[in-house]
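Now for the letters of each chain:
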Amino acid sequence: MTSVWATSTFSLNGKVALVTGAASGIGRATSIRLASAGARVVLLDLVDASALAGDLDGLFIECDVARDNQVFAAVQESISVFGRIDILVNNAGVAVSNELIIDDSDAAYLRSFRVNTLGAVHCIRHVTPVMNRGGSIITISSLSTLLGAPLMGAYAASKSALTAITRTSALELAPQGIRVNEIAPSVVRTAMNEANGDFVQRELAWVQSYGANPRLVEPEEVAAVVHFLASDDCQMITGQTIVVDGGLTTGPGMAFLDSLVGES
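First, a word on what this report is: a plain description of the structure on this page. (Residues numbered from 1 in each chain as written. Predicted model: local features only at pLDDT ≥ 70, side-chain atom pairs only at ≥ 80, totals over all residues. Heavy atoms only, no water.)

1. A short note on the overall build of the protein chain
In plain terms, the rule: Helical segments are the DSSP runs of H or I of at least four residues, strand segments are the runs of E of at least two, and each set is numbered from the N terminus. Think of it in three bands: residues with accessible area under 20% of the maximum for their type are buried, residues over 50% are exposed, and the middle band is partly exposed, with areas taken using a 1.4 Å probe on protein chains only. Working rule for contacts: check all heavy atoms of both residues, and any pair within 4.5 Å makes them a contact. Accessibility throughout is a Shrake-Rupley quantity obtained with a 1.4 Å probe, and a residue counts as covered only by protein chains that appear here.
The helix and strand inventory of the protein chain stands at 10 helices and 7 strands. Expressed as a percentage of the 264 residues in the protein chain, the buried residues total 50%. Contacts spanning at least 24 positions in sequence make up 71% of the contacts within the protein chain whose residues lie at least 6 apart. Of the roughly 12,400 Å² of accessible surface on the protein chain, 55% is carried by carbon and sulfur atoms.

What follows is the structure in structure tokens.
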């Protein structure tokens, strides 16, 4: 076991990481973080991330993760350029609607599942056959997988399915020496959330009134956990959900409890 601890802590030197939804938000922060730790990074997105890929000495591939054939082609191109994939970060996701379940459409659910759920499945399906032993798969889910999420039924359902996929694939891929984990952040400061500003402000108000650390999660804070899970230092962590929520799921903060009894 000495070989693990003889290396630089959390070093990713010599590793290749494939990050989906890499053009902005958590994906961008993750790509930068992994590259800074020594990894070569393949950035997948529908939005052009070629400039960022150039800055990181990486590779940008335009890819819709909802399309199985595009993911297959992206993985093959990654292998042809870098010769290996050691880390997969399933980050690509969409928030389609903010409706009551009784009002939401089948189309919203189908779109959510095609990108958020099947997108991750497609990546796991095509990356694991070429992933080296000791590989790490990290999926970005959501705090909505652990708590009820009013007005987020389609999104929460598609993200909750990722928990089952994470745990099942962790068991199935263990014989290949591949670890699989997920990260469940609360509201993150991303372009997707900023585009849905009114609803996100409502979410933030809920967090501020209830939580212990009443602010948005920064993308870099999620990227730091991705880096941790991607490293060889974490070989005994698999099948887990790591929550990044400032203590929101721990229980109500003191300010909220004081408000219930009229204290200030």
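Now, onward.
2. A look at the packing of helix H5 (residues 106–127) against helix H6 (residues 153–173)
We count it as follows: Between N-to-C directions, angles cover 0 to 180 degrees, with each direction set by a line fitted to C-alpha atoms, over the stretch in contact for helices. Working definition: roughly parallel below 35 degrees, roughly antiparallel above 145 degrees, roughly perpendicular at 65 to 115 degrees, and oblique for all remaining angles. Should the near helix be turned counterclockwise from the far one by less than a right angle, the crossing is left-handed, whereas a clockwise turn marks it as right-handed. Residue type decides the class: Asp, Glu, Lys and Arg count as charged, Ala, Val, Leu, Ile, Met, Phe, Trp, Tyr, Cys and Pro as nonpolar, and the leftover types, Gly among them, as polar.
Contact pair H5 / H6: the axes reach a minimum separation of 8 Å and the direction vectors enclose 20 degrees. With respect to each other, H5 and H6 are oriented roughly parallel. Note that H5 runs across H6; the crossing there is right-handed. Contacts from Ala-108, Tyr-109, Ser-112, Phe-113, Asn-116, Thr-117, Ala-120, Val-121 and Ile-124 in H5 reach Gly-153, Ala-154, Tyr-155, Ala-157, Ser-158, Lys-159, Ala-161, Leu-162, Ile-165, Ser-169 and Leu-173 in H6. Within the contact of H5 with H6, the residues separate by chemical class into 13 nonpolar, 6 polar and 1 charged.

3. Some thoughts on the packing of aromatic side chains
Applicable threshold: Pairs were defined over the aromatic rings of Phe, Tyr and Trp, the Trp ring being its six-membered one, requiring ring centres within 6.5 Å. Orientation was assigned from the angle between planes: stacked under 30 degrees, edge-to-face over 60, tilted for the rest.
Counted by the stated rule, this structure contains 1 aromatic pair. Relative to Phe-228, the ring of Phe-10 lies with its centre 5.8 Å away and its plane at 70 degrees, an arrangement referred to as edge-to-face. Of this pair, Phe-10 sits in the loop between helix H1 (2–6) and strand E1 (16–20) while Phe-228 sits in helix H9 (residues 219–230), and the two are 218 residues apart along the sequence. Phe-228 sits in the partly exposed class, given a relative accessible area of 33%.

4. Thoughts on the pattern of salt bridges
Defined as follows: Salt bridge, as used here: a side-chain nitrogen of Lys or Arg that lies within 4 Å of a carboxyl oxygen of Asp or Glu.
Under the criterion given, the structure shown has 5 salt bridges. Measuring nitrogen to oxygen at the nearest pair gives 3.5 Å for the salt bridge that ties Asp-57 to Arg-40. Separated by 17 residues along the polypeptide, Asp-57 in the loop between helix H3 (50–55) and strand E3 (59–62) and Arg-40 in strand E2 (residues 40–45) bring together distant segments of the chain. In this structure Arg-40 comes out as partly exposed when scored by relative accessible area, which is 34%. A salt bridge links Arg-125 to Asp-68; its shortest N-O distance comes to 2.9 Å. Here the residue Arg-125 occupies a position in helix H5, and Asp-68 occupies one in helix H4 (residues 68–82), the gap between them amounting to 57 residues.

5. Brief notes about helix H2 (residues 25–36)
Defined as follows: Here the expected span of a helix is defined as 1.5 Å times the quantity of residues minus one.
For H2, spanning 12 residues, the distance from its first C-alpha to its last is 17 Å, which sits close to the expected 16 Å at 1.5 Å a residue. Of the positions making up H2, those classed as buried are Gly-25, Ile-26, Gly-27, Ala-29, Thr-30, Ser-31, Leu-34 and Ala-35. Considering only its buried residues, H2 is in contact with E1, E2, strand E4 (85–90), strand E5 (131–140) and H9. Of the residues trailing H2, Gly-38 is marked for its positive phi of about 110 degrees.

6. Some remarks on the sheet that holds E5
How we decide: A pair of strands is labelled paired if DSSP reports no fewer than 2 bridges between them.
With parallel pairing, 7 strands are arranged side by side in an open sheet as E3-E2-E1-E4-E5-E6-E7. Both outer strands of the open sheet, E3 and strand E7 (241–244), are each paired with one neighbouring strand and no more. Sheet twist, expressed as the mean angle between neighbouring strand axes with direction ignored, is 20 degrees. Examined bridge by bridge, strand E6 (residues 179–185) and E7 share 4 bridges and lie parallel to one another. Across the sheet, residue Ala-184 finds its bridge partner in E7, namely Val-243. Across the sheet, H9 lies against E4, E5, E6 and E7, angled at about 165 degrees from E6, the strand it touches most.

7. Considerations on the nonpolar core
Our working definition: Residues enter a nonpolar core if they are buried and are Ala, Val, Leu, Ile, Met, Phe, Trp, Tyr or Cys, with the set joined through side-chain atoms within 4.5 Å.
Leu-34, Leu-43, Ile-87 and Ile-183 are the most contacted members of the largest nonpolar core, which has 30 residues in total. Those elements giving two or more residues to this core turn out to be E1, H2, E2, H3, E4, E5 and H9. Broken down by element, this core gets its largest block of residues, 5 residues, from H9. Setting aside residues up to four positions removed in sequence, Leu-34 forms contacts with Leu-12, Ala-17, Val-19, Ala-39, Val-41, Ile-87, Val-89, Val-226 and His-227. Leu-18, Val-71, Val-75 and Ala-170 belong to the second largest nonpolar core, which has 26 residues in total.

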